[in-house]
Amino acid sequence: MDGSDAQAPTRRIAVTDLDISMHASPRAIADDWRRLEGSLQVSVYQSFDWIDCWTEAAAGPQRIRPAIVAIRDQGRPLAILPLGIERIGPLRIGRFLGGEHANIRMGLFDPALSATLDRTSTLALLRRVAKTIGRIDLFDLDAQPREWAGAANPLAAHTEAAPARCDVGMMRLEPDFAAVLKAHRGAKKAKKRRWQTNTLEPVGGFQLRRAGSEAEALAILDSYFAQKAAWFRAQGIDDSFAEPGVAEFFRALVRRRWSGDSSFVMELDALEIDGGIRAILGSGTRSGRLSGYFMSVSDDDWRRVSPGELMLYEVIAASCERGLTALDLGRGDERYKASWLDVVEPHVRAIVPVTPAGRAAATVLRLADRAERAVRDNPKLWRLAKTVRRWRGQAEKPGAAESD
């Protein structure tokens, strides 16, 4: 990281002195974005390329109006908020771009600005942002880490911020994979890997293949969509990858990956067993951290050898060898994540009304949020909810028999 543009301020920055502008596309401020991004430790989800691909591929089909907010002081870019305005009935809601596919959502803040923001000035800043955007009733800023790279996230400290429905689990890496393995029940994992290796030996073992070309990556991505669609149906969950523009967004990331100096935005790893792809991981890497976008496992006889766990073992080992320092697998509390991810990054959701209609909507959203958190935090209720969801998925399968 080049910290030359991120020095401590020589004077206190007043919110009233900031220049705030809104843009319909990241490309309108591409140079400032890349300059700010290069001076900070950001996640892949705040990178120009990730947001630009989302804006181009998914914003239009999802009827989201991009509202990229640039904040400057005397011409110097200090923050970028990658927002979009969504219409829900008569309401206009401002959210970070990327939706549920952005596991980490926040703005880019120069430390010179972050250091001068407190709860009062952050509220004043959001009011100015709302005025610049115009015609907005509510900010719904979900999945924000409380802090990032050792610094507080200004918007996560807002007075309206409350714990998010899900946190993100991550793990720290070091060059010595053996040491990392030892810290994560290594003996048990090594024993299972030996069993997997022995079990697969009669069919030629396994191979972890990382896509080496655009065509290969697109083929693996199509396999992922097919695997995950089957899983969503079985679980009774709406397929988030079938939403308008989402599949094309990930294809855009693949094309961006091989079009220039943007190799960090998308990698696709596929675990092959007996001539077929049995597990897939899609990820991006920024600031030394691999962030998993998605993962799938084929629903066939080879599921008994836990191909997803085997793939993660190999990916984590390769990440250590690459010199990465951290890894996360997105939001959620699935068992395969808990097996490796031992650091919890608390996230918050700030629901900030702007208009009277927004205040009424904020009350409803907060109540719904509390109800969902209550279910998730109660193991019995959460297991019951997932069981009911699976039953619904089975009942809705094409060709399912109807009850008498």
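Definitions and limits used
- Residues numbered from 1 in each chain as written.
- Predicted model: local features only at pLDDT ≥ 70, side-chain atom pairs only at ≥ 80, totals over all residues.
- Heavy atoms only, no water.
- Helix = DSSP H or I, 4+ residues; strand = E, 2+ residues; numbered from the N terminus.
- Rg over C-alpha atoms; globule rule 2.2 N^0.38 Å.
- Buried < 20%, exposed > 50% of the residue type's maximum accessible area, 1.4 Å probe, protein only.
- Contact = heavy atoms within 4.5 Å.
- Pairing = 2+ DSSP bridges.
- Axes fitted to C-alpha atoms, helices over the stretch in contact; angles between N-to-C directions.
- UniProt positions renumbered as here; feature names shortened; annotations may be inferred.
- Salt bridge = Lys/Arg side-chain N within 4 Å of Asp/Glu carboxyl O.
- Left-handed = near helix turned anticlockwise from the far one by under 90°.
- Nonpolar A, V, L, I, M, F, W, Y, C, P; charged D, E, K, R; others polar.
- Expected span 1.5 Å × (residues − 1).
- Core = buried A, V, L, I, M, F, W, Y, C linked by side-chain atoms within 4.5 Å.
- Phe/Tyr/Trp six-rings, centres within 6.5 Å; stacked < 30°, edge-to-face > 60°.
- Lys NZ or Arg CZ within 6 Å of the ring centre and 35° of its normal.
- Parallel < 35°, antiparallel > 145°, perpendicular 65-115°, else oblique.

Naming follows an unreviewed UniProt entry, where the chain appears as GNAT family N-acetyltransferase of Kaistia nematophila.

Student: Describe the overall build of the chain, with residues and values.
Tutor: A count of helical and extended segments in the chain gives twelve helices and 17 strands. Relative to the 2.2 N^0.38 estimate, which gives 22 Å for 404 residues, the radius of gyration of the chain is 22 Å and therefore close to what a compact globule would have. With the C-alpha coordinates aligned to their principal axes, the bounding extent of the chain is approximately 70 × 60 × 40 Å. The burial tally for the chain puts 51% of its 404 residues in the buried class. Put simply, 74% of the contacts in the chain that link residues at least 6 apart link residues at least 24 apart.

Student: Explain the sheet that holds strand 14 (residues 289-297) to me, using residue names and the numbers behind them.
Tutor: In sheet architecture, strand pairing relies on hydrogen bonds along the backbone and comes in two forms, parallel and antiparallel. The seven strands lie next to each other as 11-12-13-14-15-10-16, forming an open sheet whose pairing is mixed. With partners counted over all chains shown, the strands left at the sheet margins are strand 11 (206-210) and strand 16 (343-345), one partner each. Averaged over neighbouring strand pairs, the angle between their axes works out to 30° when direction is ignored.

Student: Report on the UniProt feature "domain: BioF2-like acetyltransferase" (unreviewed entry) in the chain, specifying residues and quantitative values.
Tutor: On the UniProt side, "domain: BioF2-like acetyltransferase" (unreviewed entry) is annotated at positions that read residues 192-337 here. Between the end C-alpha atoms of residues 192-337 the distance is 16 Å, and the span holds 42% helix and 26% strand.

Student: Can you tell me about the pattern of salt bridges, naming the residues and giving the values?
Tutor: With the rule as written, the count across this model stands at 29 salt bridges. With a closest N to O distance of 2.9 Å, R278 and D300 form a salt bridge. Here R278, found in strand 13 (residues 276-286), pairs with D300, found in the loop between strand 14 and helix 9 (307-322); they are 22 residues apart in sequence, far enough to count as distant. You can call D300 partly exposed: its relative accessible area is 27%.

Student: Now, about the environment of L36: what can you tell me, with residues and values included?
Tutor: Structurally, L36 can be placed in helix 1 (residues 30-39). Spatially, the C-alpha atom of L36 lies 13 Å from that of D73, the residues being 37 residues apart in sequence. Ignoring anything within four residues of it in the chain, the contact list for L36 reads P77, L78, A79, I80, L108 and D110.

Student: With reference to specific residues and values, describe the packing of helix 6 (residues 186-200) against helix 9.
Tutor: At a closest axis distance of 11 Å, the pairing of helix 6 and helix 9 adopts a crossing angle of 115°. Taken as a pair, helix 6 and helix 9 cross one another with a handedness that is left-handed. Taking contact as the criterion, the partners of K189, K192, R193, Q196 and L200 in helix 6 are, on helix 9, E309, L310, Y313 and E314. Along the lines of polarity and charge, the residues of the contact of helix 6 with helix 9 split into three nonpolar, one polar and five charged.

Student: Before we move on, could you go through helix 7 (residues 214-235) and cite the residues and values that matter?
Tutor: An ideal rise of 1.5 Å per residue puts 32 Å on 22 residues; helix 7 measures up with 31 Å between its terminal C-alpha atoms. Burial in helix 7 covers these residues: A217, I220, L221, Y224, F225, Q227, K228, A229, F232 and Q235.

Student: Lay out the nonpolar core in plain terms, naming residues and giving numbers.
Tutor: Across soluble globular proteins, nonpolar side chains have a tendency to be buried as a group. Residues W50, F250, L253, M266, L268, Y293 and F294 are the most contacted members of the largest nonpolar core, which totals 49 residues. Counting residues per element, the ones that place at least two in this core are helix 1, helix 2 (48-59), strand 2 (64-73), helix 7, helix 8 (246-257), strand 12 (267-273) and strand 14. Residue contributions to this core peak at eight residues, all from helix 2.

Student: Go over the packing of aromatic side chains with me, naming the residues and quoting the values.
Tutor: According to the stated counting rule, one finds 19 aromatic pairs in the structure shown. Ring plane angle 80° and centroid distance 5.9 Å describe the contact between W33 and F48, whose orientation is recorded as edge-to-face. With W33 in helix 1 and F48 in helix 2, this residue pair connects regions lying 15 residues apart in the sequence. Assessed through its relative accessible area of 0%, W33 is described here as buried. You can call F48 buried: its relative accessible area is 5%. Judged by centre distance (4.0 Å) and plane angle (25°), the ring pair of Y224 and F294 falls under stacked. Here F294 lies in strand 14 and Y224 lies in helix 7, a separation of 70 residues in the sequence. Neither Y224 nor F294 differs from the other in exposure class; each is buried. Ring pairing ties together the aromatic residues Y45, W50, W54, Y224, F225, W231, F232, F241, F249, F250, Y293 and F294, which thus form one cluster. Between the NZ or CZ atom of K228 and the centre of the ring of F232, over which it lies, the distance is 5.8 Å. Taking NZ or CZ as reference, R286 lies 4.2 Å from the ring centre of F264, over its face.

Student: I'd love a proper account of the packing of helix 1 against helix 2, names of residues and values included.
Tutor: Interhelical geometry of helix 1 versus helix 2 gives an angle of 140° and a closest axis separation of 10 Å. The angle between helix 1 and helix 2 places the two elements in the oblique class. Where helix 1 abuts helix 2, its residues A30, W33, R34 and E37 lie against F48, D49 and I51. A breakdown of the residues in the contact of helix 1 with helix 2 according to their chemical character gives four nonpolar, no polar and three charged.

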